Amino acid sequence: RRGERKDLPTTSVFCPSLSHYFNQALHLCQKLPPSHIPIRYIQSHFSIIPANRMKIFNSAILTILFASATNAFVPTSLQHNSLSCGNLQMSKSADNNGENRRTFVTQTASAAAAASVASVTGGAPAPAEAAASTMWKKVPVPFEDTVFDIDFDSDTHGYLVGARGGFAETNDGGETWEPRAFSNLDAEEEINYRFQVVSFNDGEGWVLGKPTLLLHTKDSGKSWERIPLSPKLPGEPTSILALGPSKAEMTTSSGAVYITDNAGRNWKAQVKETIDATLNRISSSGVSGASYFSGSIINQVRDDEGAYLAVSSRGNFYLTWEPGQDFWIPHNRGTPRRIQTMGFVEGDIHKGLWMTLNGGKLLISSSEVDLSKETTDFSEADIKTGGYGLTDVAWKDPNEVWAVGGSNTMYVSKDGGKKFSFDKSANSIPGNLYKVKFFKEYGNTGWALGSNGLLLRYVG
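So, a few notes on the structure that sits alongside this text. (Residues numbered from 1 in each chain as written. Predicted model: local features only at pLDDT ≥ 70, side-chain atom pairs only at ≥ 80, totals over all residues. Heavy atoms only, no water.)

### Overview of the sheet that holds strand E21 (residues 378-380)
Picture the strands of a sheet paired through backbone hydrogen bonds; they go either parallel or antiparallel.
Argument step 1. Taking strand neighbours across the sheet as the criterion, the four strands line up as E18-E19-E20-E21 in an open arrangement whose pairing is antiparallel. Each edge of the open sheet carries a strand with a single partner, namely strand E18 (339-344) and E21. Adjacent strand axes in the sheet meet at a mean angle of 25°, parallel and antiparallel pairs treated alike.
Argument step 2. Both strand E20 (residues 361-365) and E21 contribute to a ladder of three bridges, which runs antiparallel. The partner of Ile 364 across the bridge, within E21, is Ser 379. (Pairing = 2+ DSSP bridges. Helix = DSSP H or I, 4+ residues; strand = E, 2+ residues; numbered from the N terminus. Axes fitted to C-alpha atoms, helices over the stretch in contact; angles between N-to-C directions.)

Written out as structure tokens, the structure reads:
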């Protein structure tokens with residue numbers, strides 16, 4: 001304020017443009033009747049406001065509404081002739097409409113604040129629940145930590161793994177889950193592990209944990225053995241898949257792919273060199289971020305035929321690999337936004353790829369994907385996430401597609417991923433959803449996994 005501090009410039013806290021927008025905002029709030037007045041309606045009355053000043057105007061409305069709602073002060077009039085730079089006049093309301101205005105402001109301040117904050121931050125309000133579906137049911141689990149993976153050995157028998165040694169078994173198709181422990185791990189040791197992957201095939205199962213731990217069973221989980229892994233392994237193990245009797249496939253964060261056919265005693269490399277060695281050896285100037293790559297890959301996904309898709313840890317490009325190829329092939333992401341996750345349409349690399357980006361965007365490619373090219377054409381899906389990030393997408397069938405993400409948001413498409421609608425099954429549950437899976441071999445049952453021990457079952 002002017003004159004209070006001589007060591008500061010004598011300038012006003014309100015610039016002329018800001019005071020002008022405060023004046024317009026207050027004048028409109030006073031003239032309009034006490035009815036529902038969304039921010040968009042207010043903005044439509046001032047279409048002449050430049051785009052770069054609209055955020056200031058929204059902030060002005062928000063400030064006035066909050067001030068009125070708390071009865072700290074009630075501005076009555078703020079005309080151009082009574083407003084000067086550095087002089088904002090406020091007094092108690094004495095007109096007959098004051099009480100009605102305070103009632104209106106109190107009732108609508110929260111909604112107006114949410115809309116104004118979303119406009120200022122560039123986000124959007126959360127999806128409306130009016131037409132939202134409820135197609136998932138919460139299933140209790142015996143631990144409260146993040147659920148990372150789920151797999152079934154039959155239509156009734158399956159396992160669930162999670163953080164801090166979370167390990168549970170079901171014998172009724174997932175209706176109930178019982179806690180289990182590994183006999184070759186003591187209680188204190190087990191709780192320090194984060195079990196990330198579980199995979200079963202015909203009674204033989206594998207569990208992968210972090211810090212690096214690999215467990216194997218041949219009798220549907222009745223007994224487990226610990227499989228030693230070489231400390232010279234390139235990168236950290238990231239996934240394990242049971243392929244049959246004593247056979248499994250394992251990947252690492254450096255892009256190595258290994259297969260064992262003797263229950264983990266020996267592993268055979270399927271890729272000749274790691275991803276960073278490949279990218280730094282070949283000319284990759286056409287792929288943004290691929291030259292002089294050093295780091296790891298994330299979000300490794302395998303399709304039904306053994307092809308892999310991976311995203312660089314920085315999210316600036318992705319890579320593909322198919323059985324028989326000697327090296328991973330890098331691809332441009334084709335968008336300025338960072339990649340969050342990627343996967344295969346219907347679990348088949350030849351049916352297309354999907355990609356989620358920062359800001360809750362979802363892109364889906366056509367079914368004809370030429371993986372020899374550096375760039376793939378994607379089309380953006382019509383999905384209103386409100387800015388919440390998407391963490392996983394899964395196809396229940398060619399038409400029904402599900403996407404999950406932050407704040408336990410869920411979305412469903414009935415047209416193959418072109419347009420999504422909001423599902424409120426987990427809307428009232430705090431946390432985040434990380435994975436959604438459908439088991440076609442067991443009646444196409446669906447499961448969604450998240451934080452805080454959240455497990456959802458698809459009920460349709």
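### What about the pattern of salt bridges?
Side chains carrying opposite charge are able to pair once their charged atoms draw close together.
Argument step 1. The tally for this structure, following the rule as stated, stands at 12 salt bridges.
Argument step 2. Across the pair Lys 435 and Asp 149 runs a salt bridge, and its minimum N-O distance is 3.5 Å. Note that Lys 435 is positioned in strand E26 (residues 433-439) and Asp 149 in strand E2 (residues 147-152), a separation of 286 residues in sequence.
Argument step 3. On the basis of relative accessible area, Lys 435 is assigned to the partly exposed category, the value being 25%.
Argument step 4. What emerges from the salt-bridge pattern is a single network uniting Lys 137, Glu 175 and Arg 457. (Salt bridge = Lys/Arg side-chain N within 4 Å of Asp/Glu carboxyl O. Buried < 20%, exposed > 50% of the residue type's maximum accessible area, 1.4 Å probe, protein only.)

### Focus on the environment of Ala 132
Argument step 1. Here Ala 132 shows up in the loop between helix H4 (98-121) and strand E1 (136-138).
Argument step 2. Considering only alpha carbons, one finds Ala 132 and Lys 424, 292 residues apart in sequence, at a separation of 5.9 Å.
Argument step 3. Residue contacts for Ala 132: discarding those within four places in its chain leaves Phe 422 and Lys 424. (Contact = heavy atoms within 4.5 Å.)

### Focus on the side chain of Thr 251
Argument step 1. Within the fold, Thr 251 resides in strand E11 (residues 247-252).
Argument step 2. Residue contacts for Thr 251: discarding those within four places in its chain leaves Glu 236, Pro 237, Thr 238, Ser 239, Ala 256, Val 257, Gln 300 and Tyr 308.

### Brief notes about the sheet that holds strand E22 (residues 390-395)
Argument step 1. Pairing in this open sheet of four strands is antiparallel, and the strands run E22-E23-E24-E25 from one edge to the other. Looking along the sheet, the strands with just one partner apiece sit at the ends: E22 and strand E25 (420-423). On average, each strand axis in the sheet is tilted by 25° relative to the strand beside it, whichever way the strands run.

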